[in-house]
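For reference, the chains in residue letters:
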Amino acid sequence: MILANIDNCVGCRACEVACAEKHLDDVEGADELTLLAARRMHVGISMGGTKPMPIQCRHCEDPTCLFACITGAMHRDPDTGMVLVDEEKCVGCWTCLKMCSFGAIMVDPIGHRVLKCDKCYEERPPACVEACPNNVLVIEEVEYVDRDKCIGCGLCESLCLRGAIKLEDTPEGRKSYINQDLCKGCGICASSCPRDAIKMRFFTDEKAFEIIEQLMGVA
Amino acid sequence: MRYVIVGNGPAGINAIEAIRKVDRNNDIINISEEPYLPYSKPVMPHYIGGSVSYEKIFFRSVDFYEEMGVKAILNDRVVAFDPEKKLVVLDSGKRIPYDKLLIATGGKPRPVKIDGSNIEGIFPLTSLNYTKKIIKLLPEVKNALILGGGPLGLKAALALSHHGINVKMIVKSPQIMSQALDPDSAEILEEKLKLSKVELMLKTDVEYFEGDERVKYATLSNGEKLLCDLAIIGKGLLPKLDFLDPKKIRINVGVIVNQYMETSANDVYAAGDVAESYDLLTGGSNTVAVWPRASEQGHFAGMNMAGFKKPYPGAHRMNSLDFEGLSCIVMGDVKTIKEGFVVIIQKDPKRRIYQRIILENGLLRGAAIIGRIVNVGGINKFIRKRIPVSMVKESLLEDKATFIY
């Protein structure tokens, strides 16, 4: 998951520029002068709000943009679980724009189509996270698999409602793999694992106590 | 357990995807009267205009049915259904029992009472078969008529004019898009149409068509006789209720559904253009035929069929189209003005920008945003969720605000 710690955001737009640079080749006719045309995320302010924040696609569980798309250009990539747009197929009807309440879909001013975050595919970290000078954008793994304990039984795969867990063939046999783009940290897999192989990063006892202490002003 | 889904438009396909998300094992059968894989009807004008190739009119991959583990029965029509015995009967004589049935048959063109409208060369724009015929005729066409001023007709008019055809739009109302847009907004689009060499004839209608093998002339209600070798009828859609018997299932304009997309018949659901569902703005019901409404309803129907009780929040009218660079996005109702409604208008005629939002008791009722694309996702969310807008009224049409959550 890409998290945004907006308390630190000063609206410098370094993430936008990094995103645009990264995707410059995808937009025909975009050059350094029209650099921002290629960006797939932006820094915005909530309606009525005052604080800037980076806005990129949330890769929702039931994406409304996917419901909106009349051509099927907007699709969920079966391998990575990301919501992507097939830019060749998009006809620029703008239906997805009005269905996305995050404002995460960008209009390509040159090519009459929409552009959106692809999380820089499998590359880690994505350009926006890497460029952020203020630790606003960070990438966090919410759940992880202890592969020494995993026996590849596949229970987690069948229980995950988001399709975020898949079994993978590894030299040590079949092991489960969590797709961090899809995982929303619900914890069903962790609680069901017969070998206690799936761990939650955040909601440990230590973490919970820490939060409580902070709230009570002890720490 | 067997799911039977009638129709493979956005509602049917999204229902299949929703069911498969939570139920990977039970049988799904998808019946469609057309012989094609799921294809997109709103893309038909783009296909005629040549900007979209044949391969790209299909909105899911060619392996969709295999990937989803769905048995598809294409080119066969449901002719009857028996909610008591829980089965549907097909044209080919097959009888298919179901445990859960989804009616997602979509819409059919509103019938027109014009003499000669059965002559060759006059088509509605509602299926791939018609579109193929239109494309085949194109090289011989010099003068085309579009009847009706809806979004699909507008797109078709522009597509035909790209082929160098003289296009005339015949619209009965005093403006185009009379169901969705207010007269001022429509005027901007009308101007743009003129630039695109589409001649607009308002407040008139075709009285009768003439021609032997092919259509040749159309005579208007004012007596004017026009050359016409192709006519496209786009006068809106009605729910397609062919095999449905009002004695067996509750029907008003469309099939009436509750918030779980259930019809009055047991284990029978309906979604998409055929369904009459809750209207967010009026509190009544509507049968608006728009793509996102159909997909969303299909999704909710699928979830509920698979046993997940998931209430559907309701829908409102919306349209969006792009006139060769002039975008037009309409959400909610921008036409009705009653006492107490607040109308905010912002315009910049030089840049062809016109924005209009309508507030009722501090709630957003509708917005038409022409010439730019700003905040549309946020505005739509305000309408859908009925969130008071007093705090953000000023920033609704500004560039800086971009979203709400």
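Residues numbered from 1 in each chain as written. Chains lettered and ligands numbered in written order. Predicted model: local features only at pLDDT ≥ 70, side-chain atom pairs only at ≥ 80, totals over all residues.

1. Details of the overall build of chain A
Alright, step 1. Helix and strand counts for chain A stand at seven helices and twelve strands.
Alright, step 2. When its C-alpha atoms are laid out on the principal axes, chain A stretches across 55 × 45 × 30 Å.
Alright, step 3. A separation threshold of at least 6 residues defines the contact pool for chain A, and within that pool the share at least 24 residues apart is 60%. (Helix = DSSP H or I, 4+ residues; strand = E, 2+ residues; numbered from the N terminus. Contact = placed C-beta atoms within 7 Å.)

2. Concerning the overall build of chain B
Alright, step 1. Helix and strand counts for chain B stand at eight helices and 27 strands.
Alright, step 2. Over its C-alpha trace chain B gives a radius of gyration of 22 Å, about what one expects of a compact globule, namely 22 Å for 405 residues.
Alright, step 3. Taking the principal axes of its C-alpha atoms as reference, chain B extends roughly 65 × 60 × 40 Å. (Rg over C-alpha atoms; globule rule 2.2 N^0.38 Å.)

3. Description of the sheet that holds strand S15 (residues 225-227) of chain B
Sheet strands pair via backbone hydrogen bonds, and the direction of the pair is either parallel or antiparallel.
Residue and element names in this part refer to chain B.
Alright, step 1. Here three strands make up an open sheet; going across it, the order is S13-S14-S15 and the pairing antiparallel. The sheet terminates laterally at strand S13 (206-211) and S15, the two strands that pair on one side only. Looking at each pair of strands side by side, their axes are set apart by 25 degrees on average, direction ignored.
Alright, step 2. As paired strands, strand S14 (residues 215-220) and S15 are joined by three bridges and run antiparallel to one another. In the strand pairing of S15, Thr219 is matched with Lys225. (Pairing = 2+ DSSP bridges. Axes fitted to C-alpha atoms, helices over the stretch in contact; angles between N-to-C directions.)

4. Regarding the interface of chain B and chain A
Accessible area lost upon the coming together of the parts is a frequently used measure of interface size.
Alright, step 1. With 39 residues of chain B at the contact, the number on the chain A side is 26 residues.
Alright, step 2. Counting only elements with at least two residues in the side of chain B that touches chain A, the list comes to helix H7 (291-305), strand S22 (318-323), strand S23 (326-332), helix H8 (376-385) and strand S27 (401-403) of chain B.

5. Looking at the nonpolar core
Alright, step 1. If you look at the biggest cluster of nonpolar residues, it comprises 158 residues, and the most contacted ones within it are Cys65(A), Cys96(A), Ala15(B), Leu102(B), Ile146(B), Ala231(B) and Ala271(B).
Alright, step 2. Counting residues per element, this core draws most heavily on helix H5 (residues 151-162) of chain B, at seven residues.
Alright, step 3. One finds Val145(A), Cys156(A), Ala164(A) and Ile165(A) within the second-largest nonpolar core, a separate group that totals ten residues. (Core = buried A, V, L, I, M, F, W, Y, C linked by C-beta atoms within 7 Å. Buried ≥ 20, exposed ≤ 12 C-beta atoms within 10 Å, placed from the backbone.)

6. Describing helix H1 (residues 14-22) of chain A
Alright, step 1. The buried count for H1(A) comes to seven of nine residues, which makes it a mostly enclosed element.
Alright, step 2. The elements touched by buried residues of H1(A) are strand S2 (42-46), strand S3 (52-55), helix H4 (127-131) and strand S8 (137-139) of chain A.

7. So, unusual backbone geometry
Note on backbone geometry: most residues besides glycine have negative phi, and most peptide bonds are trans.
Alright, step 1. At Arg13(A), a residue that is not glycine, the phi angle is positive and equals roughly 65 degrees.
Alright, step 2. Relative to the helices and strands, Arg13(A) resides in the loop between strand S1 (2-4) and H1.
Alright, step 3. The phi dihedral of Lys203(B) falls on the positive side, at around 55 degrees, and the residue is not glycine.
Alright, step 4. Residue position: Lys203(B) is located in the loop between strand S12 (198-202) and S13.

8. Topic: the packing of helix H1 (residues 10-22) of chain B against H7(B)
Residues and elements named next belong to chain B.
Alright, step 1. At a closest axis distance of 7 Å, the pairing of H1 and H7 adopts a crossing angle of 35 degrees. Judged by the twist between their axes, the crossing of H1 over H7 is right-handed. When H1 is examined against H7, the residues Pro10, Ala11, Gly12, Ile13, Asn14, Ala15, Ile16, Glu17, Ala18 and Ile19 are found in contact with a partner set consisting of Trp291, Ala294, Ser295, Gln297, Gly298, His299, Ala301, Gly302, Met303 and Met305.
Alright, step 2. Looking at the contact of H1 with H7 residue by residue, the classes come out as twelve nonpolar, seven polar and one charged. (Left-handed = near helix turned anticlockwise from the far one by under 90°. Nonpolar A, V, L, I, M, F, W, Y, C, P; charged D, E, K, R; others polar.)

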